[in-house]
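The chain contents come next:
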There are 2 protein chains.
Amino acid sequence: MSQTEEAKTVLPLDEVRALAERVLEHCGYASAHADAISDMLYRCQLDDCQSHGLFRLFMCATTMKDGKIDGAATPVIDSSDTAIIRADARDAMSLLAVRDAMPELISKARRFGMAALAVNNCFHFSALWPEVEELSAAGLAGLSMVPSHSWVAPAGGTKGTLGTNPIAFSWPRRGKDPFTFDFATSGFARGEIELHKRAGKPLPEGVAIDRNGQPTCDPEAALDGAMLTFGGHKGSALSIMIELMAGPLIDDLISLESEAAAGRPGCAPYHGQIILAFDPEKFSGGRVAVNDERAERLFADIIGQGARLPSQRRFAARARNLARGYVEIPTALHRDLLALMD
Amino acid sequence: MSQTEEAKTVLPLDEVRALAERVLEHCGYASAHADAISDMLYRCQLDDCQSHGLFRLFMCATTMKDGKIDGAATPVIDSSDTAIIRADARDAMSLLAVRDAMPELISKARRFGMAALAVNNCFHFSALWPEVEELSAAGLAGLSMVPSHSWVAPAGGTKGTLGTNPIAFSWPRRGKDPFTFDFATSGFARGEIELHKRAGKPLPEGVAIDRNGQPTCDPEAALDGAMLTFGGHKGSALSIMIELMAGPLIDDLISLESEAAAGRPGCAPYHGQIILAFDPEKFSGGRVAVNDERAERLFADIIGQGARLPSQRRFAARARNLARGYVEIPTALHRDLLALMD
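Residues numbered from 1 in each chain as written. Chains lettered and ligands numbered in written order. Predicted model: local features only at pLDDT ≥ 70, side-chain atom pairs only at ≥ 80, totals over all residues. Heavy atoms only, no water.

Trainee: Let's hear about the relation of the copies chain A and chain B: which residues, and what values?
Mentor: Each copy superposes on the other: chain A lies on chain B with an RMSD of 0.0 Å after a rotation of 180° and an axial shift of 0.0 Å. In symmetry terms, the pair is related by a two-fold rotation axis. Scanning chain A for the C-alpha nearest the rotation axis identifies Gly231 of chain A, at a separation of 2.0 Å. Residue by residue, 100% of the interface of chain A is reproduced at the interface of chain B, so both copies engage with the same surface. (Least-squares fit on C-alpha atoms with pLDDT ≥ 70 in both. Contact = heavy atoms within 4.5 Å.)

Trainee: I'd like a rundown of helix H3 (residues 57-66) of chain B, residues and numbers included.
Mentor: For H3 of chain B, the buried fraction is high: eight of the 10 residues fall into the buried class. When H3 of chain B is considered as a whole, its buried residues turn out to be Leu57, Phe58, Met59, Cys60, Ala61, Thr63, Met64 and Asp66 of chain B. (Buried < 20%, exposed > 50% of the residue type's maximum accessible area, 1.4 Å probe, protein only. Helix = DSSP H or I, 4+ residues; strand = E, 2+ residues; numbered from the N terminus.)

Trainee: So, the sheet that holds strand S9 (residues 208-209) of chain B: which residues are in play, and what are the values?
Mentor: Residues and elements named next belong to chain B. Taken together, the three strands give an open sheet; going across it, the order is S6-S10-S9, and neighbouring strands pair in mixed fashion. Since the sheet does not close on itself, it has two edges, and those belong to strand S6 (152-153) and S9, each with one partner. As paired elements, S9 and strand S10 (residues 226-228) share two bridges and run antiparallel to each other. Within the sheet, the bridge partner assigned to Ile209 lies in S10 and is Ala226. (Pairing = 2+ DSSP bridges.)

Trainee: Quick rundown of helix H9 (residues 255-262) of chain B? Include the residues and the values.
Mentor: Every α-helical turn comprises 3.6 residues, leaving residues that sit three or four positions apart pointing alike. All names here are of chain B. If you check which residues of H9 are buried, you get Ser255, Glu257, Ser258 and Ala262. For H9, the angular spread of the buried residues around the axis is 145°, confining them to a single face. Looking one or two places after H9, you find Gly263, whose phi comes out positive at around 135°. (Arc of directions from axis to C-beta.)

Trainee: So what's going on with empty space enclosed by the protein? Residues and values would help.
Mentor: Enumeration according to the criterion identifies one cavity of 30 Å³ or more in this entry. There is about 30 Å³ of room inside the largest cavity. Considering the residues around the largest cavity, the lining is formed by Leu143, Ile167 and Met241 of chain A together with Leu143, Ile167 and Met241 of chain B. Class assignment of the residues belonging to the lining of the largest cavity gives a composition of six nonpolar, no polar and no charged. (1 Å grid on protein atoms, 1.4 Å probe; cavity = no way out; pocket = protein on both sides within 12 Å on 5 of 7 lines; lining within 4 Å. Points joined across faces, edges and corners; volume = space filled by probe spheres on them. Nonpolar A, V, L, I, M, F, W, Y, C, P; charged D, E, K, R; others polar.)

Trainee: So what's going on with the packing of aromatic side chains? Residues and values would help.
Mentor: How two aromatic rings sit relative to each other is given by the distance of their centres and the angle of their planes. In total, this model carries 20 aromatic pairs over all chains according to the counting rule given. Relative to Phe112 of chain B, the ring of Phe112 of chain A lies with its centre 5.1 Å away and its plane at 55°, an arrangement referred to as tilted. One end of the pair, Phe112 of chain A, is in helix H4 (residues 94-112); the other, Phe112 of chain B, is in helix H4 (residues 94-112), on a second chain. We note that Phe112 of chain A, like Phe112 of chain B, is buried. With 5.2 Å between their ring centres and 20° between their planes, Phe181 of chain A and Phe183 of chain A make a pair best called stacked. As far as the burial class goes, Phe181 of chain A and Phe183 of chain A line up, both buried. A network of ring pairs unites the aromatic residues Phe169, Phe179, Phe181, Phe183, Phe230 and Phe299 of chain A together with Phe169, Phe179, Phe181, Phe183, Phe230 and Phe299 of chain B as a single cluster. Arg314 of chain B extends its terminal NZ or CZ atom over the ring of Trp129 of chain B, reaching a point 3.7 Å from the ring centre. (Phe/Tyr/Trp six-rings, centres within 6.5 Å; stacked < 30°, edge-to-face > 60°. Lys NZ or Arg CZ within 6 Å of the ring centre and 35° of its normal.)

Trainee: Go over the pairing of strand S4 (residues 114-123) of chain B with me, naming the residues and quoting the values.
Mentor: Residues and elements named next belong to chain B. Counting buried positions along S4 yields nine of 10 residues, so the element is predominantly enclosed. Sheet analysis places strand S3 (residues 84-88) next to S4, joined by five bridges and oriented parallel. Across the sheet, the residue bridging to Arg86 is Ala118, located in S4. In this region the chain leaves S3, passes through H4 and returns to the parallel neighbour S4; the handedness of that crossover is right-handed. Pairing geometry for S4 and strand S11 (residues 270-278), over eight bridges, is antiparallel. (Right-handed = clockwise from strand over helix to strand, strands pointing away.)

Trainee: Please provide a residue-by-residue account of the environment of Leu95 of chain A, values included.
Mentor: Residue and element names in this part refer to chain A. Residue placement: Leu95 occurs in helix H4. The spacing of Leu95 and Asp81 is 14 residues in sequence and 24 Å in space, taken between C-alpha atoms. If near-sequence neighbours (up to four positions away) are discounted, Leu95 is found in contact with Ala36, Ile37, Met40, Phe125, Ser126 and Glu131.

Trainee: Please set out the pattern of salt bridges residue by residue, giving values where relevant.
Mentor: In total, this model carries 44 salt bridges over all chains according to the counting rule given. Where Glu133 of chain B meets Arg318 of chain B, a salt bridge forms, and the shortest distance between an N and an O atom there is 3.0 Å. Taken together, the positions of Glu133 of chain B in helix H5 (residues 129-137) and Arg318 of chain B in helix H12 (residues 312-324) put the pair 185 residues apart, joining distant regions of the chain. The burial state of Glu133 of chain B is the same as that of Arg318 of chain B; both residues are buried. Taken together, the salt bridges that share partners define one network made up of Asp251 and Glu257 of chain A together with Arg287, Arg294 and Arg297 of chain B. (Salt bridge = Lys/Arg side-chain N within 4 Å of Asp/Glu carboxyl O.)

Trainee: Tell me about the domain arrangement of chain A, and please be specific about residues and values.
Mentor: Residues and elements named next belong to chain A. Each assigned domain of chain A is listed here: domain 1 (1-66 + 312-342) and domain 2 (74-187 + 229-310). Centre-to-centre separation of domain 1 and domain 2, based on C-alpha positions: 23 Å. Residue-level contacts link 24 residues of domain 1 with 26 residues of domain 2. Together, the buried faces of domain 1 and domain 2 total about 2300 Å²; carbon and sulfur atoms form 63% of this surface. Counting the contacts that link domain 1 with domain 2 gives five salt bridges. We note a salt bridge from Asp66 to Arg264, for which the minimum N-O separation is 2.8 Å. On the surface where domain 1 and domain 2 come into contact, there are eight residue pairs in polar contact (both at pLDDT 80 or more). (Domains from an automatic or database assignment. Buried area = accessible area lost by both parts, 1.4 Å probe. Polar contact = N/O pair within 3.5 Å; in protein donor to acceptor, adjacent residues only side chain to side chain.)

Here it is as structure tokens:
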């Protein structure tokens, strides 16, 4: 059965969150963590972001079973007199730490003009856009970066060194969905490779090499070998920057160190995360309105020539799913999720 | 005559700077500006960076002749109690403003953990790496972005909207050249297209479209049409982020506005620049040594598999040219530069 013919199950919006919470608590996550994680999964599923929605419960379950995770740790937030907030996740998933630190990040960005949240000692599996969109909902520009496991070869290389190293950015637009992107610096998202494997579909060319460093379109061989970065040596350079900014800069692991620290294979990566926030009010000297108009002229010029802004499919899905009050997920996924609670 | 057979002229290092200063002062730049600009051209030429070395004197000359530039303005530096320094270049080239503001940027980054320099109302033609390398020489990580003229089409588009929008990053390495990259988010650097035009060489495929939105390898047609971003929709998204961060965020122009503001065609772009500085000491909670080792393990793993770090050719040229005390430039370039003073 092809993906387009795949059987679907309807889930009311409340049930998306409730199902996630039930699975997570069954797996051993304390309720505060289950709540923060479910909120992330709900936001992704609401946008029909299948790779980072409820599908990620499998990784949450595996990480609890096989990983060195603490499912009940209380994050410790340390906000000094600098523009930096440090959030120690204490070996739990990142999301509760980020949620707890977010108000201080927003407050510091408004005070100093810019601020950074460094999340340490966390397992991380989630999309970055919900966090940077939270910043732009507060009128700030947000930029977030994380390493992952060392699944990606540098340009000119033959084996995994870098993570998929996503970077996400969000810019506030008054009365409109923000300008947001969130992409892996690998040519293909790891989650998409896993979905291709589940669906038995080949990968596009040029996104992966096998364990011998040779090009491959087989998802299994790619998962066993290494992925390539997008954009050749430029994408590779950007990925190295992400390693440095979300690793050594904030006293946390690089992707090469993540897998051993996380537990057995299949666990979520274990490392740090950096989230930067910029206040247009402070940066522009109070001239936000005129600069909002300027940004809108840029967006209008892009759209006017038939090009698309990123995230538009996601925003359309969100509007549709909110209006109808439910999402659709593959029936096989729903069945497998329920089986996690057997 | 192919590029490799091109006749070369030897210039002693002192003469690189002195020639640049003579040309600039002849063109009408006040000595403080001529000094700051010459220093930039010298640093690029020292690294055999032909596209951003003495070659750029033509653009400096054209900008003075045909542009709305002020060749003698004194920059105004405004440092409030936030982490932001604003440098108003007052319609001059950017370089003197950046030079004047750099000590305060370094000082604020050390105090707040991170800081930003927003340069406004400047003409800009220069490479970004000398400025971020200055930050990493001070032990900081540096990140810089600028728009340019609207020469680059967004992914899926047909005409120029975005600038070549370079992004540069530098990370300090103790006792070694820094990890530095500086690349245009266009598939090809504008300066390289100009050099191809001068050399009569075709462009690679996939970097440009003509004025009708059709692919082209002709440098002239590309200069008349639009360039494409690197890395498809990801590179395009990144380029839009650079427009926003170095434009509306800091109350300055987007690439669409640059050409009209600069003067007649051929002038340097006119817009703003953002330079961010991050202090590893503050971000890591004083654990710089252990994180330097971690970063070095990353670099060693990349080099160990036969891949190269960015900027290595530049660093090798610098070492060679410093050791021998001279650079080589095309004889035709030297002749044309001298003719600027006729």
